[in-house]
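Each chain, letter by letter, is given below.
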Number of protein chains: 2
Amino acid sequence: MASTKDDSADSVQFFEGVEKLLEIWFTSNNAKNRQLGDLRQISRQKWESLLKIVRCEIISFCRNDQVDAYVLSESSMFLSKRRLILKTCGTTTPLQCLEPLLKLVEQYTGFDEVEDLFYSRKNYKRPELQISPHHAFEEEVALLDTYFPDGEAYCLGSIDTDCWYLYTLNREKPLQEKAEPDQTLEILMTHLDPDVMAIFTRDMCSSAAEATQKSGIDKLIPNMIIDDFLFEPCGYSMNGISKSGSYMTIHITPEPEFSYVSFESNIPEASYEEIIRRVLNTFKPGKFVVTIFANKESIAASCPRELEQNDYLNSSEDWLRTDAQYCRFKNYDLTCAFYSRFPS
Amino acid sequence: MASTKDDSADSVQFFEGVEKLLEIWFTSNNAKNRQLGDLRQISRQKWESLLKIVRCEIISFCRNDQVDAYVLSESSMFLSKRRLILKTCGTTTPLQCLEPLLKLVEQYTGFDEVEDLFYSRKNYKRPELQISPHHAFEEEVALLDTYFPDGEAYCLGSIDTDCWYLYTLNREKPLQEKAEPDQTLEILMTHLDPDVMAIFTRDMCSSAAEATQKSGIDKLIPNMIIDDFLFEPCGYSMNGISKSGSYMTIHITPEPEFSYVSFESNIPEASYEEIIRRVLNTFKPGKFVVTIFANKESIAASCPRELEQNDYLNSSEDWLRTDAQYCRFKNYDLTCAFYSRFPS
């Protein structure tokens, strides 16, 4: 987000909006640790040290009983009792922090096991600018495999053009454990409407709150406490958290040459049609990919299939679905669908 | 298939059973060429020259009004009016023949356009033994992209472990053209029952016909004229063709160290459950991947979804589905599902 104009030339310095998204669910074989452990027991100072390895820092914070939400210089981090979400854009290196992260969590929470892990990202616009191991998905997978010998890697969509990578453990859940409902909606958008993107610049708005309101971000999901940040000279990040523990997060790289917006939320819904429509109407992308994850315990359990089958975005509108893949993993169903605006 | 024992040592020389499968549908903008062109107008001698580039040769042939079916030293080739299927295993190089193939077809049939193309394969057991451009899917894709700038590449299943690669054009079909029904079932099997595999050796059977009958291959799909071949000292290939123009083809690498069987057919069925069961009961694999392609015009149009949803193989039996992906392309639906035998 912290993209800056290159003063020495008339060209705009490139910024990679595409995030690396790491979600880890921790647990322990020790019942006491399982009960008492909490990622929020780890001090802010410890997290700050960890984030140095990732090459980003905390710039804002809000919390409620359910979740701690950090706005980072490059995207966001969410901590709840046993779930970490670390989403970072630019040339950050989240996988470099994996080993110290696992040690930190074990030392301060007693969580000595990774129950589930999801590492995902869209293809970068400029992979050659990334820092190891993030140049190529193969390299990221090789690193993850050293920690998780049973990890599995997937490429959804069309390789090297529009695709979305996922690394996950895809383990059978132990029978004694009752899974908690979980679902994630993500919409990753490119080629956005320049008039909308202009809102997320200091030229147009003097504060993050103004950009949030003017764009309609505050109306996307009701009852969210919003922590937003408007970068200098442009770029925008926000976290939203609700009393029920749900989160939403939006990150915007507004430069027309490489505009990118990501929307993500775990709000439980029986259908995501309305939210997806609102997001698209808010940001007006030229291309986007929608991913919906849901486990069987979730109220959204049928949403991945609904997205794949009914294709409600295709029916009456401007969108051409160029690709859709539906995957059944052991604990989650997933649909990943790619859309382009119809040539007018 | 033409695997041989290494006499100099007690070890068995490795043979890559996994095939490269190239299917091309030709057409022309010229109505007369479209009407009069036929791939079977090309002489056998021309095909033999072309297959030299692929590093294989014709060893048997049968035909009917609908289709010419060749058994090759490494798998099979089928020619109908405008569809070529070239399936070759071992270290063959089918993509090296692409340019001369397109020229040959244009010169002798007037088909100057590729209407649709599918290049697919399972991951090799030993990719390092392949010849360029077949070492890696990326390399194959790079070559295909030079001919088809709108080609799209997919990796279904878990990257680098059990996966199935596909390159296709995924083009919008021109509205004026009425698509003909098309469907393909493929079952690629590994870790096969050694007692079944023993049938496909010269020790056990003195003729291909004996192996075909003893194994039950002759009962898999009724009313097929069978052209079969038993290799020395082991290995088996067969083509079957029916009056209606359907084909089936089976290729067997029986050595226990790297056993592999492929089954493929385009027989139109409203459900493939029965055929899949018969194939599995015949060969008894430890692991296999099923792919079903069907277009909207096919009687099998709902089969890809059926395979993905109902998972009839999972219900009462020995099979654990480890992965399944359902893809919607512009003209075809596809399911690719991976199975392992339950640990007993």
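Residues numbered from 1 in each chain as written. Chains lettered and ligands numbered in written order. Predicted model: local features only at pLDDT ≥ 70, side-chain atom pairs only at ≥ 80, totals over all residues. Heavy atoms only, no water.

With an unreviewed UniProt entry as reference, chain A is termed S-adenosylmethionine decarboxylase proenzyme, source organism Vespula vulgaris. UniProt, in its Sequence similarities (unreviewed entry) section for chain A, records the words "Belongs to the eukaryotic AdoMetDC family." Checking UniProt for chain A, the heading Pathway (unreviewed entry) contains the comment "Amine and polyamine biosynthesis; S-adenosylmethioninamine biosynthesis; S-adenosylmethioninamine from S-adenosyl-L-methionine: step 1/1." (UniProt positions renumbered as here; feature names shortened; annotations may be inferred.)

Chemist: Explanation requested: the UniProt feature "active site" (unreviewed entry) in chain A in the structure shown.
Modeler: All names here are of chain A. Listed under "active site" (unreviewed entry) in the UniProt record, and renumbered for this structure, are Ser75, Cys89, Ser237 and His251. The greatest C-alpha distance among the residues just named is 11.1 Å, despite their covering 177 residues of sequence, which places them together in space. For Ser75, the position within the fold is in strand 4 (residues 75–79). Under the relative-accessibility criterion, Ser75 is labelled buried at 0%. At 2.8 Å, the side chain of His251 forms a polar contact with the side chain of Ser237. (Helix = DSSP H or I, 4+ residues; strand = E, 2+ residues; numbered from the N terminus. Buried < 20%, exposed > 50% of the residue type's maximum accessible area, 1.4 Å probe, protein only. Polar contact = N/O pair within 3.5 Å; in protein donor to acceptor, adjacent residues only side chain to side chain.)

Chemist: What is the right way to look at the pairing of strand 2 (residues 58–63) of chain B in this model?
Modeler: In the case of a regular strand, side chains alternate between the two sheet surfaces. Relative to strand 3 (residues 68–72) of chain B, strand 2 of chain B runs antiparallel, the two sharing five bridges. Bridge pairing in strand 3 of chain B places B:Ser60 opposite B:Val71. (Pairing = 2+ DSSP bridges.)

Chemist: Before we go on, may I ask you to explain unusual backbone geometry in this structure?
Modeler: A negative phi angle characterises most non-glycine residues, just as the trans form characterises most peptide bonds. Of note, the amide linkage connecting B:Ser132 to B:Pro133 takes the cis form, showing an omega dihedral of 5 degrees. Secondary-structure assignment places B:Pro133 in the loop between strand 6 (113–122) and helix 4 (137–147). Residue B:Glu232 is joined to B:Pro233 through a cis peptide bond whose omega torsion reads 0 degrees. With respect to the secondary-structure elements, B:Pro233 resides in the loop between strand 10 (225–230) and strand 11 (236–241). Phi is positive for A:Lys284, close to 50 degrees, though the residue is something other than glycine. Along the polypeptide, A:Lys284 turns up in the loop between helix 7 (273–283) and strand 14 (285–295).

Chemist: Would you take a moment to explain the side chain of A:Gln325 for this structure?
Modeler: Topologically, A:Gln325 is positioned in strand 15 (residues 319–328). When its relative accessible area of 1% is taken as the criterion, A:Gln325 is described as buried. Side-chain polar atoms of A:Gln325 contact the backbone nitrogen of A:Gly157, separated by 2.6 Å. With residues near it in sequence (within four places) discarded, A:Gln325 still touches A:Leu156, A:Gly157, A:Leu334, A:Thr335, A:Cys336, B:Tyr154, B:Leu156, B:Gln325, B:Tyr326 and B:Cys327. (Contact = heavy atoms within 4.5 Å.)

Chemist: Could you clarify how one ought to interpret the relation of the copies chain B and chain A in this entry?
Modeler: One copy of the chain maps onto the second through a rotation around an axis plus a translation along that axis. Rotating chain B by 180 degrees and moving it 0.0 Å along the rotation axis overlays it on chain A with an RMSD of 0.0 Å. This pairing of chains is accounted for by a two-fold axis. In terms of proximity to the rotation axis, the leading residue of chain B is B:Tyr326, whose C-alpha is 2.5 Å off the axis. The residues that chain B uses at the interface reappear at the interface of chain A in 96% of cases, marking a shared surface. (Least-squares fit on C-alpha atoms with pLDDT ≥ 70 in both.)

Chemist: Is there a simple way to explain the interface of chain B and chain A in this structure?
Modeler: Frequently, the measure chosen for interface size is the accessible area removed from exposure when the parts meet. Counting residues at the interface gives 23 residues for chain B and 23 residues for chain A. Taking both partners together, chain B and chain A bury about 2,000 Å²; carbon and sulfur atoms supply 41% of that area. Taken together, the links from chain B to chain A amount to two salt bridges. One salt bridge connects A:Glu308 with B:Arg305, and the closest N-O pair in it is separated by 2.6 Å. Across the contact surface, chain B and chain A share 13 residue pairs in polar contact (both at pLDDT 80 or more). At the level of secondary structure, the elements contributing two or more residues to the side of chain B that touches chain A comprise strand 7 (152–157), helix 8 (303–309) and strand 15 (319–328) of chain B. (Buried area = accessible area lost by both parts, 1.4 Å probe. Salt bridge = Lys/Arg side-chain N within 4 Å of Asp/Glu carboxyl O.)

Chemist: Help me out: how do you make sense of the nonpolar core in this one?
Modeler: Nonpolar side chains tend to gather and get buried jointly when the protein is soluble and globular. Counting 112 residues, the largest nonpolar core has A:Leu84, A:Leu117, A:Tyr167, B:Leu84, B:Leu117 and B:Tyr167 as the members making the most contacts within it. If we skip the residues at most four places from it in the chain, A:Leu117 touches A:Leu22, A:Glu23, A:Ile24, A:Leu144, A:Phe148, A:Tyr167, A:Thr168 and A:Leu169. (Core = buried A, V, L, I, M, F, W, Y, C linked by side-chain atoms within 4.5 Å.)

Chemist: Where do I start with the packing of helix 2 (residues 44–54) of chain A against helix 3 (residues 98–109) of chain A in this structure?
Modeler: Between two packed helices, what matters for the description is the angle formed by their axes and the separation of those axes. Residue and element names in this part refer to chain A. Helix 3 packs onto helix 2 with a crossing angle of 165 degrees between their chain directions and a minimal axis gap of 10 Å. When the interaxial angle is binned, helix 2 and helix 3 end up roughly antiparallel. Considering the relative orientation of helix 2 and helix 3, their crossing is left-handed. When helix 2 is examined against helix 3, the residues Lys46, Trp47, Leu50 and Ile53 are found in contact with a partner set consisting of Pro100, Leu101, Leu104 and Tyr108. The residue inventory of the contact of helix 2 with helix 3, partitioned by class, reads seven nonpolar, no polar and one charged. (Axes fitted to C-alpha atoms, helices over the stretch in contact; angles between N-to-C directions. Parallel < 35°, antiparallel > 145°, perpendicular 65-115°, else oblique. Left-handed = near helix turned anticlockwise from the far one by under 90°. Nonpolar A, V, L, I, M, F, W, Y, C, P; charged D, E, K, R; others polar.)

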